[in-house]
Amino acid sequence: MVKGARFKDYENSFPWLNEAMIVNICHNTTAPNVGLRMNADNTTLKCYMADTGLLISLAFDESDIANGEIYRKLLLDKIEINQGMLVENIVAQMLRASGHRLYFYSSTSKKAEERMEIDFLIRKPMPTSRHNISPIEVKSGKNYTTVSLQKLRAKYGQYLSTSYIIHDKDFKTENDVVYLPYYMTPLL
């Protein structure tokens, strides 16, 4: 990482990296409605690696990777890192492979009740009476909260289609939220 680097110094690189399929760009949208692209804030984005294996190789010590230790720890769920980063990258990769453009919603309001971040927003292809926007939260731990999703649904519920939580547990539906295991992400 370059010390003192700013987005404006590299903003022209992101579209090129995205088109080259090296990264998957996820744009912030200012409103979760039918015009996700129209409401995209192109100065706020998340950059996911298009290849999660490459992300792991770049993020960890080369000697651990060379002897396979890091992959063994990943498989045995014994890695000492924030697994949310890896799981969110995997979900982004699966959503892009399924043909979705990547958007997220973030509100950094000073009011706690309006502050929230939703990992992904996707547009569902089937028209309904709503705007067909489905919020997706990705969860990697055993215990997690859904506060941001609840806030989004309270504020924009009339615009939203099915809400999803992607997690490492079984499929279930609870309080109008569909909980999907990771491997079902490509079905969205």
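Because the structure is a prediction, the values reported are computed rather than measured.

### Some words on the sheet that holds strand 2 (residues 40-49)
So, step 1. The sheet built from eight strands is open, its strands ordered 2-1-3-4-5-6-8-7 with mixed pairing. Each having just a single partner strand, strand 2 and strand 7 (172-174) make up the two edges of the open sheet. Neighbouring strand axes in the sheet, compared pairwise and without regard to direction, differ in orientation by 30 degrees on average.
So, step 2. Pairing geometry for strand 5 (residues 133-138) and strand 6 (residues 163-167), over three bridges, is parallel. When the sheet's bridge partners are listed, V138 is paired in strand 6 with I166.
So, step 3. Packed onto the sheet, helix 6 (residues 83-97) meets strand 1 (23-29), strand 2, strand 3 (102-107), strand 4 (116-123), strand 5 and strand 6 and runs at close to 20 degrees relative to strand 4.

### What to know about the nonpolar core
So, step 1. Membership of the largest hydrophobic core comes to 19 residues, with the highest contact counts inside it found for V91, L95, L102, F120, I136 and L188.
So, step 2. Of all the elements in the fold, those that place two or more residues in this core are helix 6, strand 3, strand 4, strand 5, strand 6 and strand 8 (177-181).
So, step 3. Broken down by element, the residue count for this core peaks at five residues, all from helix 6.

The rules behind each value
- Residues numbered from 1 in each chain as written.
- Predicted model: local features only at pLDDT ≥ 70, side-chain atom pairs only at ≥ 80, totals over all residues.
- Heavy atoms only, no water.
- Pairing = 2+ DSSP bridges.
- Helix = DSSP H or I, 4+ residues; strand = E, 2+ residues; numbered from the N terminus.
- Axes fitted to C-alpha atoms, helices over the stretch in contact; angles between N-to-C directions.
- Contact = heavy atoms within 4.5 Å.
- Core = buried A, V, L, I, M, F, W, Y, C linked by side-chain atoms within 4.5 Å.
- Buried < 20%, exposed > 50% of the residue type's maximum accessible area, 1.4 Å probe, protein only.

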